[in-house]
Amino acid sequence: MSAPGALHPTQRAEALESLAHEHFDVLIIGGGVVGAGTALDAASRGLRVALIEARDFAAGTSSRSTKLFHGGLRYLEHFEFGLVREALHERSLIMQRLAPHMARPLEILYPLRRFIDRPYVGMGIGVYEAMGARRGMPRSHQHVGRRATQALFPSGNPNVVRGGVLFHEAQVDDARHTLALVRTAAAEGAVVASSVRAESLVREDGRVRGARVQDIETGHQFTIEADCTVTAVGVWTQDVVGPDIDLGFRVRASKGVHITVPRDRIDCDTAIISRTDKSVLFIIPWEHLWVIGTTDTPWDFSKAHPAATSTDIDYLLDEANELLRAPLTRDDIVGVYAGLRPLVDSGEDDTAKASREHAVTSPVPGLVATAGGKYTTYRVMAQEAVDACRPWLAPALEPSQTENLTLIGSRDYAAAVADRGAVQARLQVDDDTMDRLLRRHGTDIRLLADYVDDDPALAEPLAAGYLRAEVHHAVVAEGALHLDDVLARRTRLSIETPDRGVEVADEVSRIMAPLLDWSAEQRAGEVASYRDRVAAEIASQQEVTDADSDRVRTSTPDSRNLAS
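Residues numbered from 1 in each chain as written. Predicted model: local features only at pLDDT ≥ 70, side-chain atom pairs only at ≥ 80, totals over all residues. Heavy atoms only, no water.

### Quick look at the packing of helix α17 (residues 502-516) against helix α18 (residues 520-540)
Convention followed: To get an axis, a line is fitted to the C-alpha atoms, and for a helix only the part in contact is used. The angle between two axes follows their N-to-C directions and goes from 0 to 180 degrees. Secondary structure is summarised from DSSP: a helix means a run of H or I of at least four residues, a strand means a run of E of at least two, and numbering begins at the N terminus for each. Our angle categories are set so that under 35 degrees counts as roughly parallel, over 145 as roughly antiparallel, 65 to 115 as roughly perpendicular, and the remainder as oblique. The crossing is said to be left-handed when, going from far helix to near helix, the turn is anticlockwise and less than a right angle, and right-handed when the turn is clockwise. Contacts are assigned to residue pairs with any non-hydrogen atoms lying within 4.5 Å of each other.
Put simply, α17 and α18 touch, their axes get as near as 9 Å, and they point 150° apart. Considering their axes alone, α17 and α18 lie roughly antiparallel with respect to each other. Read as a crossing pair, α17 and α18 show a hand that is right-handed. Judged by residue contacts, V502, A505, D506, S509, R510 and A513 of α17 engage R523, V527, Y530, R531 and V534 from α18.

Here it is as C-alpha cells:
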C-alpha cells in the first residue's frame, strides 16, 4: 500500500524538477502551519501550487507550541470576541471533521486561589462556552469545591488551591498536524519540497512573479515562476520580502518556552491552566510527561534557533511550584523547547498584551504576505491568503474547500479503528502503544503494518514507546531528510527523553541511511551534528540572558547549515 501524498526522496527530486521548469498559479514560501494550510487551500481549488520550506516542515513555530487547539480564553479579557469566536469555530471543525484522529478533547482544571476568583472565572468560562467552546466537548464546564479539587489534583498545594473550574480544550501534536496538511496538499496536487530556501523575490515591471531559490541539499539555484507569491514565514516575513517593500505592519518575535517533566512528578487527573503576573501557565499531559509553559517575552536574536535561558526555566518552575505541594526542581526536567510567536505589531511594549489577530496584505502586485494569528486559526489565514491572490490569477477562483476537506490520517478513520485488532496483531504491540499509534498516524497505521510484514525488525521498539517502523515511515512517506527531522518532529524524542534522543541517534541513522542513500561519512556526520545540537541547547539553557543563550546555541549549526 502506498501512502497518499507520500513525501520521499524520489518525490522530492521530481518536485525540484517541476519547481524549476513549470509555471505555477501560486507559490507559497514557508512550510509551517499557515503555509501548509495555504497550499492545501489553493490546491483544493484546482490551482497549480508550489510550496517550499527552507528547513523542515514545521521546523519553526509550528512544532514549538503548547500543543493545543484553543479559542483563547484569556483574550476575552482584552475584548477580542471576534478572535475567540473564530478560533472556537476552527477548533470544533478540526476536532469533528478535519483531523479527528489527532485532535482530541482535553479536560482542564482552572485552580481558584481566592474566593473572589470563582464568580470571575466562572463567568468568563460561561461566556467562552456561550461563544462556542462547548461544541464537540464531553460536557459543559463544572465548578468544583476544595475537596473535589484536591481529589482531582492531589499534588495541589491546599494552602493555595481552594477550588476550581473544569472545562475543555483540544490537544494536538502540532508538528504532525502541520505535516498532515503538507501531505494532504501534495495529495491534492501541490508540488512541495523542504530544504528549498527563497533567496529573493523575482520582480518584473513592479510585479512579483516568483522567487529565486536555492536547494539547500545541493546548493543548486533556480527560479520558481508564479502568478502570485504568498509569504507565510512568520518572524522571517521582512527578511523574505526584502527591506524595500512596505508591508504596512511590522512582525515582532515573542519567545515562548516550555519544559517537560515526568508524569509521576505531578498527580493530577486533568490538565491545568492558571494565570500568572506575566502570562498564562499551562501544565498539559503529554504521553508519559507533562508539558509546562509558557513564557512571553520579546526576542531579538536568532530566528532559527530561539534559546531558552536559565531565567526562563526558573520562571516556569517557580510558577508551577506555586501550585504544588512538592516543588519541581531542575533535576526533574526531561526536555526544553523554545519557539517564536510572530506578532503583528500593535504598539504594545509588552508582547504578552499584544493582539493575536492576523494580517493578510498585498503590498505590491503579485505578492501576498501573511503574519500573526494563532495556530488554531491557520485555515482562516490560508483562505484569506488565497483569496488575496485573486487579482493575478488567470483561472476563475473557486470558493475555498478546506472546511470540508479531511486531512490524511483521518480519512476512513472509523474503518481503521474497526480494523484495529488485525493491525495490532501485525504490529505486535500492546494496547497503549496501539492507542498512541492511532493518535499519531491514524489510517497510516496500516502502512506501518505493511513495513513490518516486509521487515519484522521494524516492529522492534525504539525508545519512549516509538517503533523502528515509524522512522522508516518518516523517510518514505513524511519527507524526513535529516536525523533532526525524525528526532525532533516526526517523533518528539528530543523533548521526551532525558538524553534528548542522543542515545538512539545512531540507531535511527542506521534505519534512515539506506533509504536516503547516505554514505558512512554522511551518516556519521548526521549523528555528530545532532549530538552537537543537543549539547549546544543544553549549554545555552545554563545562561541567564537571551544574548548569552543565543551565542551558545548558535555556536553549532544545524544539519542544513542555514544562517538564521
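### What about the pattern of salt bridges?
The following threshold applies: By convention in these notes, a salt bridge is any Lys or Arg side-chain nitrogen within 4 Å of a carboxyl oxygen on Asp or Glu. Only protein chains enter the accessibility calculation, which uses a 1.4 Å probe. A residue is then buried if its area is under 20% of the maximum for its type, exposed if over 50%, and partly exposed in between.
Taken as a whole and assessed by the stated rule, the structure comprises 49 salt bridges. E90 is the salt-bridge partner of R379, the closest N and O atoms lying 2.9 Å from each other. Taken together, the positions of R379 in helix α9 (residues 378-388) and E90 in helix α3 (residues 81-98) put the pair 289 residues apart, joining distant regions of the chain. Of the two residues examined, R379 and E90, each falls in the buried class. Between D296 and R341 there is a salt bridge whose closest N-O contact spans 3.4 Å. Here D296, found in the loop between β14 (289-293) and β15 (297-298), pairs with R341, found in strand β16 (residues 335-344); they are 45 residues apart in sequence, far enough to count as distant. Of the two residues examined, D296 and R341, each falls in the buried class. The network of salt bridges with common partners includes D56, E217, D484, D485, R489, R490, R533, E537, R553 and R560.

### A look at the nonpolar core
Let me state the cut-off plainly: Definition of nonpolar core: a set of buried residues of the types Ala, Val, Leu, Ile, Met, Phe, Trp, Tyr and Cys, connected through side-chain atoms within 4.5 Å.
Counting 47 residues, the largest nonpolar core has L47, V49 and V230 as the members making the most contacts within it. Those elements that place two or more of their residues in this core are β1 (23-29), α2 (33-44), β2 (49-53), α3, α6 (174-187), β10 (221-231) and α9. Of all the elements, α2 adds the most residues to this core, at 7 residues. V213, V241, F249 and V251 belong to the second largest nonpolar core, which has 32 residues in total.

### Quick look at the state of the cysteines
Put simply, the rule is: Whenever a pair of cysteine sulfur atoms sits within 2.5 Å, that pair is classed as a disulfide.
Inspection of every chain in the model, using the stated rule, returns 1 disulfide. Across a sulfur-sulfur distance of 2.1 Å, C228 and C389 are joined as a disulfide pair. An S-S torsion of about -65° defines the bridge between C228 and C389 as left-handed. On the criterion of sequence distance, the pair formed by C228 in strand β10 and C389 in the loop between α9 and α10 (413-418) is long-range, its members being 161 residues apart. By the burial criterion, C228 is buried, and C389 matches it.

### Details of helix α13 (residues 445-454)
Taking burial as the measure, the 10 residues of α13 include 8 buried ones, the bulk of the element. By the burial criterion, the buried members of α13 are I445, R446, L447, L448, A449, D450, Y451 and V452. Here the buried face of α13 lies against α10, α11 (420-427), α12 (431-441) and α14 (468-476).

### Some points on the packing of α3 against α9
Applicable threshold: Each residue is assigned to one class: nonpolar for Ala, Val, Leu, Ile, Met, Phe, Trp, Tyr, Cys and Pro, charged for Asp, Glu, Lys and Arg, and polar for all the others, Gly among them.
One way to put it is that α3 packs onto α9 with a least axis distance of 9 Å and a crossing angle of 100°. In terms of their interaxial angle, α3 and α9 are classed as roughly perpendicular. Contact with α3, carried on its side by E86, E90, L93, I94 and L98, involves Y378, R379 and V380 of α9 and no other residues of that element. Of the residues assigned to the contact of α3 with α9, the class counts are 5 nonpolar, no polar and 3 charged.

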